[in-house]
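The lines below spell out each chain.
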Amino acid sequence: MCFTPLISIIIAIFEFLVAIIVLSVYKENKTSKILAVFMFVLGFYQFTQFMVCKTSYSNLWSTIGFVTYSFLPAIGVYLVNIFVKKIKNPRNLFIAPIIVTFYTIINHDFIKSVSCNKYFISVSTYVFTPENYIYKWVYMIYYFGFIALCIYYLIQYIREEKDSIKRKMALILLIALITSLLPAIILLFIIPGLRSGFPSIYCEFSVIFTISTLYIAKLESKLNKKL
């Protein structure tokens with residue numbers, strides 16, 4: 001038996017609870033609502049990790065998991081855009097993950113292998129096969145490009161925003177994003193063999209982001225009272 005299913009389901013429940021609390025207690029907060037959506041998607045991904053190891057439909061749940069975490073960068077930029085208001089039609093951000101979803105669904109041999117290791121789940125997909133390098137690079141540019149865009153927009157916003165509460169909210173979001181992502185990337189470069197387990201590793205660190213969500217929601221509530 002691997003430990004990953006237990007870790008995944010605990011984190012999933014925690015993220016679902018935080019999302020429910022945010023929607024219940026801070027339901028008037030616009031930013032907090034999108035954060036809650038992000039938490040639900042992140043939690044659902046963790047749930048798919050649990051199902052991969054605990055059911056006989058590992059390929060199905062791996063596919064659902066891939067589609068789920070493919071939406072995270074788009075949701076992230078959509079969230080950051082609430083602060084910066086740089087993108088006129090943020091709904092267009094979801095075109096890329098929708099295309100990824102369609103491509104995944106029509107490819108019947110999408111999942112190449114699945115294994116439950118001691119600390120994370122490793123899923124090898126058609127995206128990262130040698131013969132599919134064009135799609136691989138397009139996907140990676142989308143995924144990490146959107147994350148880089150989040151970081152760039154937040155840094156720019158923090159430098160320009162005069163309101164201390166808004167600036168603090170953006171700073172917490174930036175720190176949460178970097179501290180959630182950076183350890184997984186460092187591990188990836190130190191141990192290249194972890195590449196197929198990157199989403200699983202990243203989401204284990206994402207609990208930092210989840211805790212930060214509560215603090216951001218509290219600050220936004222304070223900001224609304226101030227206004």
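Because the structure is a prediction, the values reported are computed rather than measured.

Cut-offs used in this document
Residues numbered from 1 in each chain as written. Predicted model: local features only at pLDDT ≥ 70, side-chain atom pairs only at ≥ 80, totals over all residues. Heavy atoms only, no water. Helix = DSSP H or I, 4+ residues; strand = E, 2+ residues; numbered from the N terminus. Contact = heavy atoms within 4.5 Å. Areas by Shrake-Rupley, 256 points an atom, 1.4 Å probe, with all protein chains shown as cover. pLDDT = per-residue confidence, 0-100. Core = buried A, V, L, I, M, F, W, Y, C linked by side-chain atoms within 4.5 Å. Buried < 20%, exposed > 50% of the residue type's maximum accessible area, 1.4 Å probe, protein only. Axes fitted to C-alpha atoms, helices over the stretch in contact; angles between N-to-C directions. Parallel < 35°, antiparallel > 145°, perpendicular 65-115°, else oblique. Left-handed = near helix turned anticlockwise from the far one by under 90°. Expected span 1.5 Å × (residues − 1). Arc of directions from axis to C-beta. Nonpolar A, V, L, I, M, F, W, Y, C, P; charged D, E, K, R; others polar.

Visitor: I tried to follow the overall build of the protein chain on my own but got confused; where do I start?
Guide: Across its full length, the protein chain holds nine helices and two strands. Ordering the α and β elements of the protein chain from the N terminus gives α-α-α-α-α-β-β-α-α-α-α. Considering only contacts in the protein chain between residues 6 or more positions apart, those separated by 24 or more positions represent 68%. For the protein chain, the accessible surface area stands at approximately 11900 Å², while carbon and sulfur atoms represent 69% of it.

Visitor: Where do I start with the confidence of the model for the protein chain in this structure?
Guide: Low pLDDT marks stretches whose predicted atomic positions should not be read closely. Taken over all residues, the pLDDT of the protein chain has a mean of 83, while the share at 70 or more is 85%. Averaged pLDDT values for the elements of the protein chain fall to 54 in helix H8 (residues 198–205) and rise to 92 in helix H4 (residues 72–84).

Visitor: Hey, could you run me through the nonpolar core in this one?
Guide: Note that soluble globular proteins tend to have their nonpolar side chains buried in a common cluster. Of all hydrophobic cores here, the largest spans 58 residues; its most connected members are Tyr139, Leu173 and Phe209. Broken down by element, this core gets its largest block of residues, eleven residues, from helix H6 (residues 133–160). Setting aside its immediate chain neighbours within four residues, Leu173 contacts Leu35, Leu79, Val80, Phe83, Leu154, Phe209 and Ile216.

Visitor: I tried to follow the packing of H4 against H6 on my own but got confused; where do I start?
Guide: The relative placement of two packed helices comes down to the angle between their axes together with the axis-to-axis distance. Between H4 and H6, whose axes approach to 9 Å, the crossing angle comes to 15 degrees. Viewed along their axes, H4 and H6 adopt a mutual orientation that is roughly parallel. In the crossing of H4 with H6, the sense of the turn from one axis to the other is left-handed. Residues Leu72, Pro73, Ala74, Gly76, Val77, Val80, Phe83 and Val84 of H4 pack against Tyr142, Tyr143, Phe146, Leu149, Cys150, Tyr153, Leu154 and Tyr157 of H6.

Visitor: Any chance you could explain helix H5 (residues 95–106) here in plain terms?
Guide: In a regular helix each residue adds 1.5 Å, so twelve residues correspond to 16 Å; H5 covers 17 Å between its end C-alpha atoms and thus fits that length. Buried within H5 we find Pro97, Val100, Thr101 and Thr104. When H5 is viewed along its axis, its buried side chains cluster within an angular range of 100 degrees and face the same direction. Away from its buried face, by an angle of more than 90 degrees, H5 presents the exposed residues Ile98, Ile99 and Phe102.

Visitor: Please explain the packing of helix H2 (residues 30–54) against helix H3 (residues 58–70) as it appears in this structure.
Guide: Running from N to C, H2 and H3 cross one another at 160 degrees; their axes reach a closest spacing of 8 Å. Taken together, the axis directions place H2 and H3 in an arrangement best described as roughly antiparallel. Where H2 crosses over H3, the two elements pack in a sense that is left-handed. Residues Val41, Phe44, Tyr45, Phe47, Thr48, Met51 and Val52 of H2 lie in contact with H3, whose contacting residues are Ser58, Trp61, Ser62, Ile64, Gly65, Thr68 and Tyr69. Taken together, the residues that form the contact of H2 with H3 break down as nine nonpolar, five polar and no charged.

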